[in-house]
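# Observations on chain architecture
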Amino acid sequence: MFRLTRRVAVAAMAALAAFGLGTAQAQQPPIRIGAVLAVTGGAAFLGDPAAKTLRLYVERLNRAGGVAGRQLELRLYDSAGDPRQAVTFTRRLIEDDRVDFIIGASTTGETMAMIELVEEARIPLISLAGANVIVEPVKRWVFKTPHSDRMAVEKIYEDMRRNNWTRAAIVAGSGGFDQSCRAEARALAQRFNVTIVADETYAATDTDMTPQLTRVRNANPQAIVGCGFGAPTVITARNFRQLGMTGVQFYFNHGVASQQFIDQAQGAAEGMRMPVAALLVAEQLPADDPQKAVTMEYTQVYRQAYNENVSGFGGHAWDALMIALEAVRRAGGTDKARVRDEIERTTNFIGVDGIFNMTPQDHMGLDQRSFKMVEVRNNTWRLLY
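Since this is a predicted model, take the numbers as computed values, not measurements.

This part takes up empty space enclosed by the protein. Under the criterion given, the structure shown has three cavities of 30 Å³ or more. Approximately 130 Å³ is the volume found for the largest cavity. In terms of lining, the largest cavity is formed by 14 residues, of which the most central are L46, S106, A129, G130 and F177. Residue composition of the lining of the largest cavity, by class: seven nonpolar, seven polar and no charged. The calculated volume of the second largest cavity comes to roughly 50 Å³. Taken together, H147, H254, A257, P275, V276, A277, L280, G312, H316, D353 and F371 make up the lining of the second largest cavity. At the level of elements, strand 10 (273-277) and helix 11 (312-331) are the ones that each hand at least two residues to the lining of the second largest cavity. Broken down by element, the lining of the second largest cavity gets its largest block of residues, three residues, from strand 10. Counted by class, the lining of the second largest cavity contains six nonpolar, four polar and one charged residues.

Below, the discussion takes up the nonpolar core. Note that soluble globular proteins tend to have their nonpolar side chains buried in a common cluster. Counting 49 residues, the largest nonpolar core has I33, L37 and L325 as its most contacted members. The element that contributes the greatest number of residues to this core is helix 11, accounting for 11 residues. Discounting chain neighbours no more than four positions away, the residues touching I33 are V58, L72, E73, L74, R75, V99, F101, I103, L321 and L325.

Spatial ordering of the open sheet is given by 2-1-3-4-5, a layout of five strands whose pairing is parallel. Two strands bound the open sheet, and with one partner strand each, they are strand 2 (72-78) and strand 5 (142-144). Ignoring which end each strand starts from, the neighbouring axes of this sheet average 20° apart. Packing of helix 11 onto the sheet brings it into contact with strand 1 (31-37), strand 2, strand 3 (101-104) and strand 4 (125-127), and relative to strand 3 it is tilted by some 165°.

So, on to the pattern of salt bridges. As enumerated under the stated definition, the model contains 27 salt bridges in all. The salt bridge involving R75 is made with E73; its shortest N-O contact spans 2.8 Å. E73 sits in the partly exposed class, given a relative accessible area of 24%. Here R273 and E375 are joined by a salt bridge, their closest N and O atoms 2.7 Å apart. Taken together, the residues R273 in strand 10 and E375 in strand 13 (residues 371-377) connect sequence positions 102 residues apart. Residue E375 is classed as buried on the basis of its relative accessible area of 10%. Through salt bridges with shared partners, a single ionic network connects E326, R329, R330, E342 and R345.

Moving on: the pairing of strand 8 (residues 223-227). Most of strand 8 is tucked away, with five of its five residues classed as buried. Of the two faces of strand 8, the one lined by A223, V225 and C227 and the one lined by I224 and G226 are each fully buried. By the bridge criterion, five bridges tie strand 6 (residues 167-173) to strand 8 in an arrangement that is parallel. When the sheet's bridge partners are listed, I170 is paired in strand 8 with V225. When strand 8 meets strand 9 (residues 249-252), the two strands line up parallel, connected through four bridges. Directly across from A223, in strand 9, lies its bridge partner Q249. In this fold, strand 8 hands off to helix 8 (residues 231-242), which returns the chain to strand 9; that crossover is right-handed.

Attention shifts here to the side chain of H254. Tracing the backbone shows H254 in the loop between strand 9 and helix 9 (259-265). Relative accessible area serves as the criterion here: at 8%, H254 is assigned to the buried category. With residues up to four places along the chain from it excluded, the contact list for H254 reads H147, S148, D149, A152, F177, P275, F313 and F371.

Scoring rules and cut-offs
- Residues numbered from 1 in each chain as written.
- Predicted model: local features only at pLDDT ≥ 70, side-chain atom pairs only at ≥ 80, totals over all residues.
- Heavy atoms only, no water.
- 1 Å grid on protein atoms, 1.4 Å probe; cavity = no way out; pocket = protein on both sides within 12 Å on 5 of 7 lines; lining within 4 Å.
- Points joined across faces, edges and corners; volume = space filled by probe spheres on them.
- Nonpolar A, V, L, I, M, F, W, Y, C, P; charged D, E, K, R; others polar.
- Helix = DSSP H or I, 4+ residues; strand = E, 2+ residues; numbered from the N terminus.
- Core = buried A, V, L, I, M, F, W, Y, C linked by side-chain atoms within 4.5 Å.
- Buried < 20%, exposed > 50% of the residue type's maximum accessible area, 1.4 Å probe, protein only.
- Contact = heavy atoms within 4.5 Å.
- Pairing = 2+ DSSP bridges.
- Axes fitted to C-alpha atoms, helices over the stretch in contact; angles between N-to-C directions.
- Salt bridge = Lys/Arg side-chain N within 4 Å of Asp/Glu carboxyl O.
- Right-handed = clockwise from strand over helix to strand, strands pointing away.

The values are spatial; any link to function lies outside them.
Given below as structure tokens:
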């Protein structure tokens, strides 16, 4: 087995070793883990792999003896991507299930709806959603594991600068995550010497983005920044290809970090670029990459269990679970205030999303080194750098 310490988490099995076995486990109550995820509905491609990841690793940890001699108990509710449902289930987790910490939700809108409850109840929440607003400004009890939309835009603009492209168009959905990415794309443009020549938005229910993309084409951009996730991004990719917009580089943010996006685009995603977590290109990482071992371990375990490709969204859940459980171990129990403090002290934790270093001022703890720029080639992810 490997070893998980406060300094590094080399692989998933490391967690099993370092959490340790206990002899008095039967006398101790379980560590109760709450989760609110969009397992079904329009955001299921986010919540389904996250739910599978939590169930898989809770089972594996329990078989190995639990954490600090205590078994794990997972209480997971399917919000179907609905913020109202997310609030209902969060209240149930706090008041009825009496969980020790909560993982979720899958989307920014759900997470933002949950924050007031967890702050009032003083229970740690680790979100699996991407927008900066979740942790900016810092909320005492709220953390997140995915890279932020600001980081994604910075990575995209840096790639544009490498190619001497300065004219960009924005195509964004109308949801919270989408619009947060759009706002970052506008706010960061001047810093990267990028001129926004078109700025288009589509509704979540739109089934044809051709009008927006036609206006974008007429503005003659060198690159397009796509802000969104789910079915609308697939439609956008197909419409982009149907319009034959050659000579324009299309970027998406990390909201499409799943093989499901490539498969559903049916070839239309070929050549598109996006920043993603190292997990999606685990096999392509150099041998000396500090994330190589942990991403390969997660990939192999997940594929063996479910016979499907990993996604970045399942990886977010792995990081959240391991960070929280390592905090419980360091705290010496499940006192919520102590666990919160230890999550905030997470240092050099090598996860599948990156190397986490959280502080009182930073409840995400990732930097640009954890983002990889990839391109879709032959219907799979190809690491660029």
